[in-house]
Amino acid sequence: MTHKRNRFPRVIISDAVVFDWVLLIGFVVLAVFAVNYNARARSIPMALGILGTVMVSFQLIVDMFPPLRRKLGFVVESGLMADQKEESPTETDNVNSAEAGNYGGNHGKGRTEAIQEWVKILRLIIWIAAFIVLLGVTHYLIAVGLFVVLVTRIEAGESWIRSIVLAVSVNIGFFILFNLILNAQL
Amino acid sequence: MYEAAIPALQAMLTWPAPLYLLLGTLLGMLFGILPGLGGPQVLALLLPITYGMPVNLAIVLLVGAMSSIAFGGSIPAILINTPGTGQSAATCFDGFPMAKQGKAGVAIGAAATSSCLGAIFGAIILTVLLPIGRRIVLLFSYPEFFMLAVMGLSVIAVVSKGSLWKGVVAACLGLGLSTIGYDPVTGSVRYTFGTDYLWDGIRLVPAFIGLFCISEALDLFLRRGKIAEKSYNQKIGGVMQGVKAVFKNFGLFLRCSVIGCIVGIIPGVGGAVTNFLAYGHAVQSSKNPESFGTGDVRGVIAPEAANDSKDGGALVPTLLFGIPGSLEMAVFLGALIVMGLEPGPRMMMENPQIILVLIYTLVLGNILVAVLGIFGARVLVKITYVPVTLLAPIIFMLGLMGAYLTNGMLGDVVLSLVFGVLAFAMKRFGFSRIAVVIALVLGKLAQKTFHQTLMLWGIKGFFIRPLSLILFILTAGMLLLPYLREAWLRRNGNTSQV
């Protein structure tokens, strides 16, 4: 069993790996879509797309298979200002870390904790998206007031009174800054 | 440049410039005091407000804010052992023990004087170097500017704290993003995917707001609790004793100011490194190093002098070459571009008054923040007791509304959100945000000069001009340096084992 595990290192699927995939797709799009432009216009984005794709692929391999860090040492090489021990964990460190359930990339968080945090971030993104929609259809003071009240109450868990007081204060501050001082047409 | 000295001073002192200086200084100080927030955040938030403002006033507001960050961050470092910014971390080592001994006033007096004089030292160096540097810059043509942009990005990747590989990936990402939109050299419209909004490319103001404000607000929301858990309720006295201590240790102050200036000039190193280098120097050069860490005033003077003198140093490459010396400078460079100014030799020839206003503001802002800090430290530090859950929605709103304010376009708000999430993920997984910012700012220049070189000289244009060739060799050498160092260490280690 041990022999097999050494030959075929366990695949780690962490949030860091997901981010690597996002970057990889971004660079592939950069390289592929560059073909549509004239030779001069495509030269730089295509070069960047190809370089980025190659580099992120190596990063992905290292993040998915931590034991390969030693073989692909150039990927984990630190900048001159880095603490070598901190930034370049050893093969054993990584395997132990992964086996202990630390799937969250460099920040050493557990998988459940990382998922919980991303859910919180997703909820905040949805709140902001709702704010943007509201900003498009109503006056900005209504959008700002509602966002502050609801996010402070629901996401931050503050009391209704505190949330409303904060929203009113922010609205007054914005009105003074944007409408009275900057005379912005919002 | 010096002939504009008097008109610049007049512009600086004409109403409402002093009001903008005060506002900028107060805001910068506030952001400096709040841990997690700092120079890039306050500059990104102020950028939309400066839109359409006279350039002189916008510079006063932005530089006023920038100049007060470092000392603002030192106040909570001394009083509650919580540095407001990374560049004030070393001040904690002796500042907080002094506060515990009831010498908070001495520490704040020393920090205020040292940072104020350090800033003046940095401003003098900047004033002396700019005219000399202008002659060097005039030797530059398209290939040199291209090589300089590439070198600036490489330095940031190499000196970054995290992975070198990720630093280069981040730079590629930033450069890739800068190719979006209408290309003035080739006339092509790239990567807009049928969206009119992207024709102008990635707008710097909403991108910066996302990279610094939205990402930090997301981070704050996850952190919860209060920013600082400790409180400080004692009196602050003995300030004059601290002021005198700086003059008693003037040699140390001067040496650390020089360290700050030199580190500031190197792109990408930044204040977090400067204050530790200066503190380390103070310890090493002391006859009684054992007193450091126990409340030695020299442990406050050294990092504070370096912290503030580095701003003058960091402005040298920013103004001379358009290569930012630090993260704050990258955002500031973006602000100059948004204002229609082009940092570099042309700016110094065409707008010497603006450069002098900038230098005056740097000095006056630091004097003002020192005075405000000394008298208001005890009150100001209470800001850090605010729960982050109340602070984060305000930062969200300030950022998003700031993005909307610039052009009144919802696309800008969406762009801020996208960049905010991207920056949050980058920070979490160790990808350098500074590389993305600098690539975004320098991307257009790099592309333009790349094509202009090709048109004029062909590919050999990058290598036949001596200066361009030197810059290329330096860049390649820098990128290889960490690998060569590693190989050398491994070889040395192996030899010693044998």
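Remember, predicted model here, so these are calculated numbers, not experimental data.

### Concerning the environment of Arg111 of chain A
All names here are of chain A. Checked against the element boundaries, Arg111 lands in helix α7 (residues 111–137). Arg111 gets classed as partly exposed once you count the C-beta atoms within 10 Å, which come to 16. It is 33 Å that separates the C-alpha atoms of Arg111 and Leu146, two residues lying 35 residues apart in sequence.

### A closer look at the interface of chain A and chain B
Taken together, the 57 residues of chain A in the interface contact 55 residues of chain B. Sorting the residues of the side of chain A that touches chain B by element identifies α2 (15–33), α3 (39–64), α4 (73–76), α7, α8 (140–155) and α9 (160–181) of chain A as the ones contributing at least two each. Residue contributions to the side of chain A that touches chain B peak at eleven residues, all from α3 of chain A. Of the residues that constitute the side of chain A that touches chain B, the class distribution is 39 nonpolar, twelve polar and six charged.

### A closer look at the confidence of the model for chain B
Residues and elements named next belong to chain B. When the pLDDT values of chain B are averaged, the result is 81; 90% of them are 70 or greater. No element of chain B has a lower mean pLDDT than helix α15 (residues 345–350), at 71, and none a higher one than helix α18 (residues 410–428), at 92. For this predicted complex, the interface confidence reaches an ipTM of 0.84, while the overall pTM sits at 0.77.

### A short note on the packing of helix α9 (residues 204–223) of chain B against helix α17 (residues 388–407) of chain B
Residue and element names in this part refer to chain B. Between α9 and α17, whose axes approach to 9 Å, the crossing angle comes to 165°. Classed by the angle they form, the pair α9 and α17 counts as roughly antiparallel. The hand of the α9/α17 crossing is left-handed. Of α17, the residues touching α9 (which contributes Val205, Pro206, Ile209, Cys213, Ile214, Glu216, Ala217, Leu220, Phe221 and Arg223) are Val388, Leu391, Ala392, Ile395, Phe396, Leu398, Gly399, Gly402, Ala403 and Thr406. Its residues assigned to classes, the contact of α9 with α17 shows 15 nonpolar, three polar and two charged.

### Details of unusual backbone geometry
Residue and element names in this part refer to chain B. Cis rather than trans, the peptide bond between Trp15 and Pro16 has omega equal to 5°. On the secondary structure map, Pro16 appears in the loop between α1 (5–13) and α2 (17–33). A positive phi angle is found at Tyr191, which is not glycine, with a value near 55°. Examined against the element boundaries, Tyr191 turns out to sit in the loop between β2 (189–190) and α9. Unlike most non-glycine residues, Phe193 shows phi in positive territory, near 50°. Tracing the backbone through its elements, the reader meets Phe193 in the loop between β2 and α9. Residue classification places Phe193 among the exposed residues on the basis of 8 C-beta atoms within 10 Å.

### Some remarks on the packing of helix α13 (residues 298–321) of chain B against helix α14 (residues 327–338) of chain B
Residue and element names in this part refer to chain B. With their axes 10 Å apart at the nearest point, α13 and α14 run at an angle of 40° to one another. The angle between the axes of α13 and α14 places the two elements in the oblique class. Relative to α14, the crossing made by α13 is right-handed. Across the interface between the two elements, Ala314, Leu315 and Thr318 from α13 touch Met329, Phe332 and Leu333 from α14. Classifying every residue of the contact of α13 with α14 gives five nonpolar, one polar and no charged.

About the criteria used
- Residues numbered from 1 in each chain as written.
- Chains lettered and ligands numbered in written order.
- Predicted model: local features only at pLDDT ≥ 70, side-chain atom pairs only at ≥ 80, totals over all residues.
- Helix = DSSP H or I, 4+ residues; strand = E, 2+ residues; numbered from the N terminus.
- Buried ≥ 20, exposed ≤ 12 C-beta atoms within 10 Å, placed from the backbone.
- Contact = placed C-beta atoms within 7 Å.
- Nonpolar A, V, L, I, M, F, W, Y, C, P; charged D, E, K, R; others polar.
- pLDDT = per-residue confidence, 0-100.
- Axes fitted to C-alpha atoms, helices over the stretch in contact; angles between N-to-C directions.
- Parallel < 35°, antiparallel > 145°, perpendicular 65-115°, else oblique.
- Left-handed = near helix turned anticlockwise from the far one by under 90°.

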